[in-house]
Amino acid sequence: MMAIWGLTTFVIGLSIHYHVNITPLIAILILCVGAIATARMYLKCHCASEIIIGSLIGIVPQFILFGFWL
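Scoring rules and cut-offs
- Residues numbered from 1 in each chain as written.
- Predicted model: local features only at pLDDT ≥ 70, side-chain atom pairs only at ≥ 80, totals over all residues.
- Heavy atoms only, no water.
- Helix = DSSP H or I, 4+ residues; strand = E, 2+ residues; numbered from the N terminus.
- Buried < 20%, exposed > 50% of the residue type's maximum accessible area, 1.4 Å probe, protein only.
- Contact = heavy atoms within 4.5 Å.
- Areas by Shrake-Rupley, 256 points an atom, 1.4 Å probe, with all protein chains shown as cover.
- Core = buried A, V, L, I, M, F, W, Y, C linked by side-chain atoms within 4.5 Å.
- Axes fitted to C-alpha atoms, helices over the stretch in contact; angles between N-to-C directions.
- Parallel < 35°, antiparallel > 145°, perpendicular 65-115°, else oblique.
- Left-handed = near helix turned anticlockwise from the far one by under 90°.
- UniProt positions renumbered as here; feature names shortened; annotations may be inferred.
- Nonpolar A, V, L, I, M, F, W, Y, C, P; charged D, E, K, R; others polar.

Per an unreviewed UniProt entry, the chain goes by Transmembrane protein and derives from Galbibacter marinus.

J.: So what exactly am I meant to see when it comes to the overall build of the chain here?
T.: Counting its regular elements, the chain contains three helices and zero strands. Ordered by position in the sequence, the α and β elements of the chain form the string α-α-α. With respect to the three principal axes, the spread of C-alpha positions in the chain is 40 × 25 × 10 Å. The 70 residues of the chain split such that 26% are buried. The long-range share in the chain, meaning contacts at least 24 apart out of those at least 6 apart in sequence, stands at 67%. A total accessible area of about 4900 Å² is found for the chain, and carbon and sulfur atoms account for 77% of it.

J.: Is there a simple way to think about the nonpolar core in this case?
T.: Side chains of nonpolar character tend, in soluble globular proteins, to be buried together. Counting residues in hydrophobic clusters, the biggest one holds five residues: Ile4, Val11, Ile26, Leu29 and Val33. Among the secondary structure elements, those contributing two or more residues to this core are α1 (2-18) and α2 (23-42). In contact with valine 33, not counting residues within four places along its chain, are Met1, Ile4, Trp5 and Thr8.

J.: For this particular structure, what's the right way to read the packing of α1 against α2?
T.: Two measures define how a pair of helices packs: the angle their axes make with one another and the distance between the axes. Axis separation between α1 and α2 bottoms out at 10 Å; the angle between their running directions is 165°. When the axes of α1 and α2 are compared, the pair comes out roughly antiparallel. Every pair of crossing elements has a handedness; the one defined by α1 and α2 is left-handed. Residues Ile4, Trp5, Leu7, Thr8, Val11, Ile12 and Ser15 of α1 form the contact with α2, whose own contacting residues are Leu25, Ile26, Leu29, Ile30, Cys32, Val33 and Ile36.

J.: Looking at this structure, I do not really get the UniProt feature "transmembrane region" (unreviewed entry) in the chain. What am I missing?
T.: Under the local residue numbering, the UniProt record ascribes the feature "transmembrane region" (unreviewed entry) to residues 25-43 and 50-69. As a span, residues 25-43 carries 95% helix and 0% strand, and end to end its C-alpha atoms are 27 Å apart. Summarising residues 50-69: 100% helix, 0% strand, and an end-to-end C-alpha distance of 29 Å.

J.: Teacher, can you tell me more about the packing of α1 against helix α3 (residues 48-69) here?
T.: In the contact formed by α1 and α3, the axes pass within 7 Å of each other and the chain directions differ by 25°. Viewed along their axes, α1 and α3 adopt a mutual orientation that is roughly parallel. Between α1 and α3 lies a crossing whose hand is right-handed. When α1 is examined against α3, the residues Met2, Trp5, Gly6, Thr9, Phe10, Gly13, Leu14 and His17 are found in contact with a partner set consisting of Gly54, Ser55, Ile57, Gly58, Ile59, Gln62, Phe63, Phe66 and Trp69. Here the residues of the contact of α1 with α3 sort into nine nonpolar, eight polar and no charged.

Next comes the structure, spelled out in structure tokens:
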């Protein structure tokens, strides 16, 4: 979850910074986020709180770096 959210947030940042319309890629990445989260819960590898914490660990550093980058 950390990796896919980090990638998704990075691509969103690229889209904002360079004013490029990459909405299809962002949509595919968000679908991948949902598929990975669903698979982790279905296989009982993680509980919901672990998935949420992993998502936050992937998203928050990207948003912090947006302040320096954008």
